[in-house]
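A structural walkthrough
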Amino acid sequence: MNNQKDPQPKGFEKAKNRAKDLLHDRRKLKELLKQGEKKANKKKEKLKTVWEDFQTLLRMIKSYWKKEYTEIPVKSLLFIVASILYFVNPFDVIPDFIPMTGLLDDLTVLSFVINSVKNDIENFKLWESEKDE
């Protein structure tokens, strides 16, 4: 995990606390991934700045719960799951139904987490490419 000097986005601590419970519940984690994928596909155009990395985060967690890729540090897992929780929650700091700004806080949290776990994302992509060879 990168040394993140930026302060955590508002509301992220609450999402991290909820994520701790989800890390130990494969069924709920799987459901969260489905919700994250569904919302991401609906909002693809608005997520274009983080689309590729967010898709990688979803694949990382999916590979983790399938026990295919387990080289993710716990802190990074917590951040990733918290970001997905935050993203799927329509009533976060700025509710999603507010025009123009509803996804702004989601993008802020996703960008924060992507920057925080950049090395883990790169390691996972390397693992994926080696696995596919």
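Conventions we followed
- Residues numbered from 1 in each chain as written.
- Predicted model: local features only at pLDDT ≥ 70, side-chain atom pairs only at ≥ 80, totals over all residues.
- Heavy atoms only, no water.
- Axes fitted to C-alpha atoms, helices over the stretch in contact; angles between N-to-C directions.
- Helix = DSSP H or I, 4+ residues; strand = E, 2+ residues; numbered from the N terminus.
- Parallel < 35°, antiparallel > 145°, perpendicular 65-115°, else oblique.
- Left-handed = near helix turned anticlockwise from the far one by under 90°.
- Contact = heavy atoms within 4.5 Å.
- Nonpolar A, V, L, I, M, F, W, Y, C, P; charged D, E, K, R; others polar.
- Salt bridge = Lys/Arg side-chain N within 4 Å of Asp/Glu carboxyl O.
- Buried < 20%, exposed > 50% of the residue type's maximum accessible area, 1.4 Å probe, protein only.
- Phe/Tyr/Trp six-rings, centres within 6.5 Å; stacked < 30°, edge-to-face > 60°.
- Lys NZ or Arg CZ within 6 Å of the ring centre and 35° of its normal.

Between helix α3 (residues 51-65) and helix α5 (residues 104-116), the shortest axis-to-axis distance is 10 Å and the interhelical angle comes to 70 degrees. Judged by the angle between their axes, α3 and α5 are roughly perpendicular. Of the two possible hands of crossing, α3 and α5 adopt the one that is left-handed. Where α3 approaches α5, its residues D53, F54 and L57 are matched on the opposing element by L110, V113 and I114. In the contact of α3 with α5, the residues fall into five nonpolar, no polar and one charged.

Attention shifts here to the pattern of salt bridges. When their charged atoms lie close together, side chains carrying opposite charge are able to pair. Evaluated as defined, the whole model comprises eight salt bridges. Taking the shortest distance from any N to any O, the salt bridge between K125 and E52 comes out at 3.5 Å. Remark: E52 occurs in helix α3 and K125 occurs in helix α6 (residues 118-132); sequence separation between them is 73 residues. Relative accessible area serves as the criterion here: at 55%, E52 is assigned to the exposed category. K125 gets classed as partly exposed once you look at its relative accessible area, which sits at 23%. The network of salt bridges with common partners includes E52, D53, K118 and K125.

Across all of its chains, the model carries seven aromatic pairs by this definition. An angle of 75 degrees between the planes, with centres 5.5 Å apart, marks the rings of F12 and F112 as edge-to-face. Separated by 100 residues along the polypeptide, F12 in helix α1 (residues 12-22) and F112 in helix α5 bring together distant segments of the chain. Judged by its relative accessible area of 0%, F12 is buried. When the centroid spacing of 4.9 Å and the interplanar angle of 45 degrees are considered together, the rings of Y69 and W127 count as tilted. With a gap of 58 residues between them, Y69 in the loop between α3 and α4 (74-88) and W127 in helix α6 connect regions that are remote in the sequence. Residue classification places W127 among the partly exposed residues on the basis of a relative accessible area of 22%. Members of the aromatic cluster, connected to one another through ring pairs, are F12, F79 and F112. In this structure, K39 is placed above the aromatic ring of F87, and the distance from its NZ or CZ to the ring centre is 4.7 Å.

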